[in-house]
Amino acid sequence: MLVVNATATFIVTIDGPAGTGKSTVAHRLAKRLGLEFLDTGAMYRAAALEALARNIDPADGESVAALVRTLDIRFDWLRDPPELLVNGRAVGDAIRTERVTRAVTPVASNPVVRTAMVEAQRRIAAAHRRLVTEGRDQGSIVFPDADVRIYLDARADIRARRRVEQLRMKGIETTEAEILAQIIHRDQSDSTRRDGPLVVPDGADVLDTSDIDIDDVIDRLEDIVRLRASAALARDGSDELMNDPSDDPSDDPTDRDADDDDRDLRVARR
Ligand code: DC
């Protein structure tokens, strides 16, 4: 666990394209460090789900904007991971369907939606001040002064393969070619939209997860966070951060590869 004093704000942002394992990694990293976890993609998905439920065309910018102004999107922080509530109702896995995944692209490109989400995310961070937050614009737009900014990347073919595997586990059969085409389309849309495009945030640590398994990714991110946190504290002359050997029980440190001497090779600071 990473122990910071009770009043300190400590924000870790994790951005990157779909299929890099961001959500799982961010959640597990947050647990390991004793921080809270915010899944901002879920918020955009909830807006898309509501549009579909009300027969609003996700590409109809004005109607979606009008809808979003009426929505109360918040999390139940007593659940782990926090559960998303829209107008007081838990949305559960309904935001993870293929239909919502297709609808969310135009919804997330809508400037009114983005403004509402960015404001909501900053409000959340004001109340939950020690946070790992993941999305596409967290380190670039929402929290450009975050203590640690991470950008996770992976080759598109690898991301497609991971996605096909995830869908297969849910009993949905697809082909890698089909998913790869969707991923390329989504990357293009996420990176070229006018508001909050997917970019590597200034000063971010970039980690390519193509050839690293998830446990290794989390180990490397933990190293990055500790390094950046210590550097910041040394700079600020504070001693309010210390290492606490107590750890997330799901992350057994004895599982780590002691001979991982190329540990930092894929980590590049921009
Ligand atoms: O990470 P995800 O697949 O759950 O994200 C769903 C969609 O929301 C995806 O199209 C990207 C978009 N998104 C965004 O534009 N900005 C964020 N901060 C998070 C997600």
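As shown above, the structure is provided for reference.
Residues numbered from 1 in each chain as written. Predicted model: local features only at pLDDT ≥ 70, side-chain atom pairs only at ≥ 80, totals over all residues. Heavy atoms only, no water.

### Notes on the site of the ligand
Close contacts around the ligand come from 14 residues, with R45, R114, R136, D137 and R193 the closest. Contacts to the ligand include R136, whose side-chain N or O atom sits 3.0 Å from an oxygen atom. When isolated, the ligand has an accessible area of 450 Å², and the protein chains bury 96% of it. Of all the secondary-structure elements, those providing two or more residues to the shell around the ligand are α2 (40–53), α4 (98–108) and α8 (176–192). (Near = heavy atom within 4 Å. Polar contact = N/O pair within 3.5 Å; in protein donor to acceptor, adjacent residues only side chain to side chain. Areas by Shrake-Rupley, 256 points an atom, 1.4 Å probe, with all protein chains shown as cover. Helix = DSSP H or I, 4+ residues; strand = E, 2+ residues; numbered from the N terminus.)

### Description of the side chain of T133
Here T133 lies in strand β7 (residues 130–135). Of note is the side chain of T133, whose polar atom sits 2.7 Å from the side chain of Q138. For T133, the contacting residues outside a window of four places in its chain are I11, V12, T13, I14, L38, T40, Q138 and F143. (Contact = heavy atoms within 4.5 Å.)

### Structural notes on the nonpolar core
By size, the foremost hydrophobic cluster in this structure holds 37 residues, and its most contacted members are M43, I73, L84, I95, V113 and M117. Broken down by secondary-structure element, the contributors of at least two residues to this core are α2, α3 (61–70), β4 (73–76), β5 (83–86), α4 and α5 (111–127). By residue number, the principal contributor to this core is α2, which donates 9 residues. If sequence neighbours within four positions are ignored, M117 has contacts with M43, Y44, A47 and I73. Residues V12, I150, V217 and L221 belong to the second largest nonpolar core, which totals 22 residues. (Core = buried A, V, L, I, M, F, W, Y, C linked by side-chain atoms within 4.5 Å. Buried < 20%, exposed > 50% of the residue type's maximum accessible area, 1.4 Å probe, protein only.)

### Remarks on the packing of α2 against α5
As a packed pair, α2 and α5 sit with axes 11 Å apart at the nearest point and diverge in direction by 140°. For the element pair α2 / α5, the angle class is oblique. Considering how the two elements wind past one another, α2 and α5 form a crossing that is right-handed. The segment α2 lies against α5, with T40, M43, Y44 and A47 engaging V113, R114, M117, A120, Q121 and I124. (Axes fitted to C-alpha atoms, helices over the stretch in contact; angles between N-to-C directions. Parallel < 35°, antiparallel > 145°, perpendicular 65-115°, else oblique. Left-handed = near helix turned anticlockwise from the far one by under 90°.)

### Description of the pattern of salt bridges
One side chain can pair with another of opposite charge once the charged atoms of both are near each other. All chains considered together, the criterion is met by 23 salt bridges. Here E176 ties to R161 by a salt bridge, and the two come within 3.8 Å at their closest N and O atoms. In this pair, E176 sits in helix α8 while R161 sits in helix α7 (residues 156–169), placing the two residues 15 residues apart along the sequence. What makes E176 partly exposed here is its relative accessible area of 37%. A salt bridge links D205 to R228; the nearest nitrogen and oxygen atoms lie 2.8 Å apart. Of this pair, D205 sits in strand β9 (residues 205–208) while R228 sits in helix α9 (residues 214–236), and the two are 23 residues apart along the sequence. Through salt bridges with shared partners, a single network forms among R155, D157, R161, E176 and D211. (Salt bridge = Lys/Arg side-chain N within 4 Å of Asp/Glu carboxyl O.)

### Remarks on α2
With 14 residues, α2 ought to run about 20 Å at 1.5 Å a step, and its terminal C-alpha atoms sit 20 Å apart, in line with that. Taken across its 14 residues, α2 has 12 buried, putting it largely inside the fold. Turning to α2, its buried residues are T40, A42, M43, Y44, R45, A46, A47, A48, L49, E50, A51 and L52. Of the residues trailing α2, N55 is marked for its positive phi of about 55°. (Expected span 1.5 Å × (residues − 1).)

### Details of the environment of A46
Inspection of the secondary structure assignment puts A46 in helix α2. The contacts of A46, once residues within four sequence positions are left out, are I73, L84, V86 and I95.

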